[in-house]
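Residues per chain, in single letters:
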Amino acid sequence: MSDRSLLPPSAHRYERALDDVTARLSDVPAPIRPLWNPDTCPAELLPWLAWTMGLSAWKPYWSESIKRERIRQAVEIHRLRGTKGSVRRVVESFGAGVSIREWWQMDPPGEPHTFELVMTVRGDNTEGRLQEDIIEEVWRVKPVRSHFTFIAGVAAEGGIGHQGAVRPVIYRRLDLIEG
């Protein structure tokens, strides 16, 4: 029996044995805090952390950095769901840059409750499946009454000697209307 026992003097010997076993279990280190942190959680446990954070989409072909960023942004995306901020955070969680222009900001003003989403992907995030995943996630978090035009671009950097740099950007427009 341990010195930390809270059992009464009339406790049965089986209860005392159980108390001894559980007293030793409390000495086993359980690193819970690192498991709840997307930066320190082992890669093989990330799907479970994503599930606990309420992520509705999880693809095995996403890079580990995208998976960790999606988990990192999950709470804020849920908090802002149905707003321009949630759309911005979703796109940025995939490692893409985004510019959002709502109908009243267009010249001439667009159709009410529409917006234009200009996304610029960087690095190796140019895969078509990934862009489809971004569109699905935007549909999930955007305001329900809103429709959007999706324009995808690819940003690349290069240099010509020491004299100059080239930044070509290519855009593709997709009109997405629920129907």
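Structure: above.
Here's what I pulled together on the structure shown here.

### Here we look at the nonpolar core
Of all hydrophobic cores here, the largest spans 23 residues; its most connected members are Val-91, Leu-117, Met-119 and Val-138. Broken down by element, this core gets its largest block of residues, five residues, from helix H6 (residues 128–141). Residues Leu-46, Leu-49, Leu-55 and Ala-74 belong to the second largest nonpolar core, which totals seven residues.

### Re the packing of aromatic side chains
Taken as a whole, this structure holds four aromatic pairs when the rule is applied. Summarising the aromatic geometry, the rings of Trp-58 and Trp-62 are spaced 6.1 Å apart at their centres and angled 65° between planes, so their arrangement reads as edge-to-face. Of the residues examined, Trp-62 reaches a relative accessible area of 4% and is grouped as buried. Between Trp-62 and Phe-94, the aromatic rings sit 5.2 Å apart at their centres with planes inclined by 90°, giving edge-to-face as the arrangement. Taken together, the residues Trp-62 in the loop between helix H3 (46–52) and helix H4 (64–80) and Phe-94 in the loop between helix H5 (84–93) and strand S1 (96–102) connect sequence positions 32 residues apart. Overall, the relative accessible area of 0% leaves Phe-94 in the buried class. An aromatic cluster is defined as three or more aromatic residues linked by ring pairs; in this entry it consists of Trp-58, Trp-62 and Phe-94.

### Considerations on the packing of H5 against H6
Remark: H5 packs on H6, axes separated minimally by 9 Å, with the N-to-C direction vectors making an angle of 160°. When the axes of H5 and H6 are compared, the pair comes out roughly antiparallel. The interaxial crossing formed by H5 with H6 has right-handed handedness. Across from Ser-86, Val-87, Val-90 and Val-91 in H5, the residues of H6 making contact are Ile-134, Glu-137, Val-138 and Val-141. Of the residues in the contact of H5 with H6, the class split is six nonpolar, one polar and one charged.

### Topic: the environment of Ser-146
Assignment of secondary structure puts Ser-146 in the loop between H6 and strand S3 (147–155). A relative accessible area of 8% places Ser-146 in the buried class. A C-alpha to C-alpha distance of 4.8 Å links Ser-146 and His-113, two positions 33 residues apart in sequence. Excluding anything up to four places from it in sequence, Ser-146 contacts His-113 and Phe-115.

### Focus: the pattern of salt bridges
Applying the stated criterion across every chain yields a total of seven salt bridges. In the salt-bridge network here, residues are joined through shared partners; they are Asp-39, Glu-69 and Arg-72.

### Some remarks on unusual backbone geometry
The peptide bond linking Asp-107 to Pro-108 adopts the cis configuration, its omega dihedral lying at 0°. Position of Pro-108 among the secondary structure elements: in the loop between S1 and strand S2 (114–121). Unlike most non-glycine residues, His-113 shows phi in positive territory, near 65°. Along the chain, His-113 turns up in the loop between S1 and S2. We classify His-113 as partly exposed; its relative accessible area is 32%.

Thresholds, definitions, all that
- Residues numbered from 1 in each chain as written.
- Predicted model: local features only at pLDDT ≥ 70, side-chain atom pairs only at ≥ 80, totals over all residues.
- Heavy atoms only, no water.
- Core = buried A, V, L, I, M, F, W, Y, C linked by side-chain atoms within 4.5 Å.
- Buried < 20%, exposed > 50% of the residue type's maximum accessible area, 1.4 Å probe, protein only.
- Helix = DSSP H or I, 4+ residues; strand = E, 2+ residues; numbered from the N terminus.
- Phe/Tyr/Trp six-rings, centres within 6.5 Å; stacked < 30°, edge-to-face > 60°.
- Axes fitted to C-alpha atoms, helices over the stretch in contact; angles between N-to-C directions.
- Parallel < 35°, antiparallel > 145°, perpendicular 65-115°, else oblique.
- Left-handed = near helix turned anticlockwise from the far one by under 90°.
- Contact = heavy atoms within 4.5 Å.
- Nonpolar A, V, L, I, M, F, W, Y, C, P; charged D, E, K, R; others polar.
- Salt bridge = Lys/Arg side-chain N within 4 Å of Asp/Glu carboxyl O.

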